Amino acid sequence: MKKSLLVIVFSPFLIFAQEVPKLTDEMAVKLSEKPLHCITQEYPNKTAHIINNADEVPLSPKALHPSFYGCFDWHSSVHGHWMLVRLLKTKPGLSIAKDIENTLDNSFSKENLQVEADYFTKYQLTTTFERTYGWAWLFKLDEELTTWNHPKAKIWHQNLKPLTDKILTAWKTYLPKQTYPNRTGVHPNSAFAMAFAIDWARSAGDKEFENQLVEKAKYFYLKDEKTPAYLEPDGSDFFSPSLEIADLMRRVLPQKEFVQWFDKFYEKRSIENIEKIPVVSDLSDYQTVHLVGLSFSKAWCMKGIAKSLPDRHPLKKEFQKTAAIFLNNGLSLLFQGNYGGDHWLASFAVYALED
């Protein structure tokens, strides 16, 4: 039987609807144009800075954050930088490799990153700044640099260290006091952030932080059963709250224990619901377009969960197949919107395309 083709907006890419999309060099170049453009685009900007006095009113996003002022908000700039590092690391032969390197050299200058680090002590009420979504992406960026044996990566990692250390101290202070998890489908989601933090702690060899995270994950989610995923999603979700929890717990539990937990976590109606493609009614709406990101995050969660399930588990192949469908759906919508999606969705796509 002849397979039908799904034509992706950023032609000439054609993807078989039931095949797993691959991050080709051509696709990587096209996707990289988004963060390369917005990393140095200061406005429009959704600053999360709390103005404490009149002297702080005139401060621009770039004055506050000379490294991560672009891409509409701090966290999107951070994961845009992660994406560029990832592409430069895994595809050094890209035609735009030098442009990426020059951009990163500027953002990762020692002086700029010191200002970023100083932000957390220079101004009042910064202990909650980007907690914990932006913190998680900063760790993912640092993890990428830490695990890359390249002269530039070593310099950038060292320059980033004052900021990484500030966030690590803040997270180690906050985690013991975090009584309840955030089960939202947007930025404050605790499971997403903790999963990235565990990845970082393991790559950095920070056993103390890793143990803190593992114990807190068990405290939050180990007793969860029959999660109400049949109610997902909310209207501006870019995470599936239930899949993010499962993606975290696969990192925390041995396979046998994870499967026992996972089988109690989901009911049939919840599985059926989370496998539905999100309906995105308006790609130009800055909140509704979050639902495109939901396809990407569902894809990476399902791929990770499937890897952690034994071959005999009925959801292993089903999640692998569904992840490909979500990836194709997200890629088909990626280039159809406006800056509301352009400033962040490409990095979600790259992470979801990872093996």
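The residue numbering used here restarts from 1 in each chain and proceeds along that chain's sequence as written. The predicted nature of this model means local features are confined to residues of pLDDT at least 70 and side-chain atom pairs, given and counted, to a pLDDT of 80 or more, with totals for whole chains, interfaces and linings taken over all residues. With hydrogens and water set aside, each side-chain value is computed from the structure's full complement of heavy atoms.

1. Describing the overall build of the chain
Next up, step 1: The numbering of helices and of strands both runs from the N terminus, where a helix is a DSSP run of H or I of at least 4 residues and a strand a run of E of at least 2. When you go through the chain residue by residue, the secondary structure sums to 16 helices and 2 strands.
Next up, step 2: Within these notes, the globule rule equals 2.2 Å times the number of residues to the 0.38 power, and the radius of gyration is based on C-alpha atoms. Radius of gyration (C-alpha) of the chain: 20 Å, near the 20 Å computed for a compact globule of 355 residues.
Next up, step 3: Overall, the chain is about 60 × 50 × 40 Å in size when its C-alpha atoms are taken along their principal axes.
Next up, step 4: Only protein chains enter the calculation, and the probe is 1.4 Å; a residue is then buried if its accessible area is under 20% of its type maximum, exposed if over 50%, and partly exposed in between. A burial count over the chain gives 58% of its 355 residues as buried.
Next up, step 5: In this analysis, two residues are considered to be in contact whenever any of their non-hydrogen atoms come within 4.5 Å of each other. A sequence separation of at least 24 residues applies to 75% of the contacts in the chain between residues at least 6 apart.
Next up, step 6: For the chain, the computed accessible surface area is about 15,700 Å², with 53% contributed by carbon and sulfur atoms.
Next up, step 7: If the 42 positive side-chain charges of the chain are averaged to one point and the 43 negative ones to another, these points end up 5 Å apart. Computed by Shrake-Rupley with a 1.4 Å probe, the accessible areas treat only the displayed protein chains as cover when residues are assessed. Asp and Glu count as negative and Lys and Arg as positive, but His and the ends of the chain are not part of the count. The atoms used to mark charge sites are NZ of Lys, CZ of Arg, CG of Asp and CD of Glu.

2. Points about the packing of aromatic side chains
The geometry of an aromatic ring pair is captured by two quantities: the separation of the ring centres and the angle between the planes.
Next up, step 1: Side-chain rings of Phe, Tyr and Trp (the six-membered ring for Trp) are treated as a pair once their centres are within 6.5 Å; stacked means planes under 30 degrees apart, edge-to-face means over 60, and tilted covers the remaining angles. This model, assessed by the stated rule, comprises 43 aromatic pairs.
Next up, step 2: Look at Trp137 and Phe192: their rings are 6.0 Å apart centre to centre, the planes differ by 45 degrees, and that puts the pair in the tilted class. Of this pair, Trp137 sits in helix 6 (residues 133-146) while Phe192 sits in helix 8 (residues 190-204), and the two are 55 residues apart along the sequence.
Next up, step 3: Judged by its relative accessible area of 0%, Trp137 is buried.
Next up, step 4: Arranged with centres 5.5 Å apart and planes meeting at 70 degrees, the rings of Phe262 and Tyr266 form a pair that is edge-to-face. The two residues Phe262 and Tyr266 agree in class, both being buried.
Next up, step 5: Aromatic rings pair up to connect Trp82, Tyr133, Trp137, Phe192, Phe196, Phe238, Phe239, Trp300, Trp344, Phe348 and Tyr351 into one cluster.
Next up, step 6: Charge-over-ring placement is defined geometrically: NZ (Lys) or CZ (Arg) within 6 Å of the ring centre, and within 35 degrees of the ring normal. The side chain of Lys140 reaches across the aromatic face of Phe196, ending 4.3 Å from its centre.

3. Focus: the environment of Lys268
Next up, step 1: By the element assignment, Lys268 lies in helix 12 (residues 268-274).
Next up, step 2: What makes Lys268 exposed here is its relative accessible area of 63%.

4. Let's talk about the packing of helix 7 (residues 151-174) against helix 9 (residues 207-221)
A packed helix pair is summarised by two numbers, namely the angle formed by the two axes and the spacing between the axes.
Next up, step 1: Helix axes are fitted only over the stretch in contact, all axes being lines through C-alpha atoms; the angle between N-to-C directions runs from 0 to 180 degrees. Between helix 7 and helix 9, the shortest axis-to-axis distance is 11 Å and the interhelical angle comes to 40 degrees. Overall, the two elements helix 7 and helix 9 adopt an arrangement that is oblique. Here the hand of the crossing between helix 7 and helix 9 comes out left-handed. For the pair helix 7 and helix 9, contact is made by Leu168, Trp171 and Lys172 and by Glu208, Phe209 and Gln212, respectively.
Next up, step 2: Residue composition of the contact of helix 7 with helix 9, grouped by class: 3 nonpolar, 1 polar and 2 charged. Each angle receives one of four descriptions, namely roughly parallel if under 35 degrees, roughly antiparallel if over 145, roughly perpendicular if within 65 to 115, and oblique otherwise. What makes a crossing left-handed is the near helix being turned counterclockwise from the far one by less than a right angle; a clockwise turn instead makes it right-handed. All amino acids are sorted into three groups, where Ala, Val, Leu, Ile, Met, Phe, Trp, Tyr, Cys and Pro are nonpolar, Asp, Glu, Lys and Arg are charged, and the leftover types, Gly among them, are polar.

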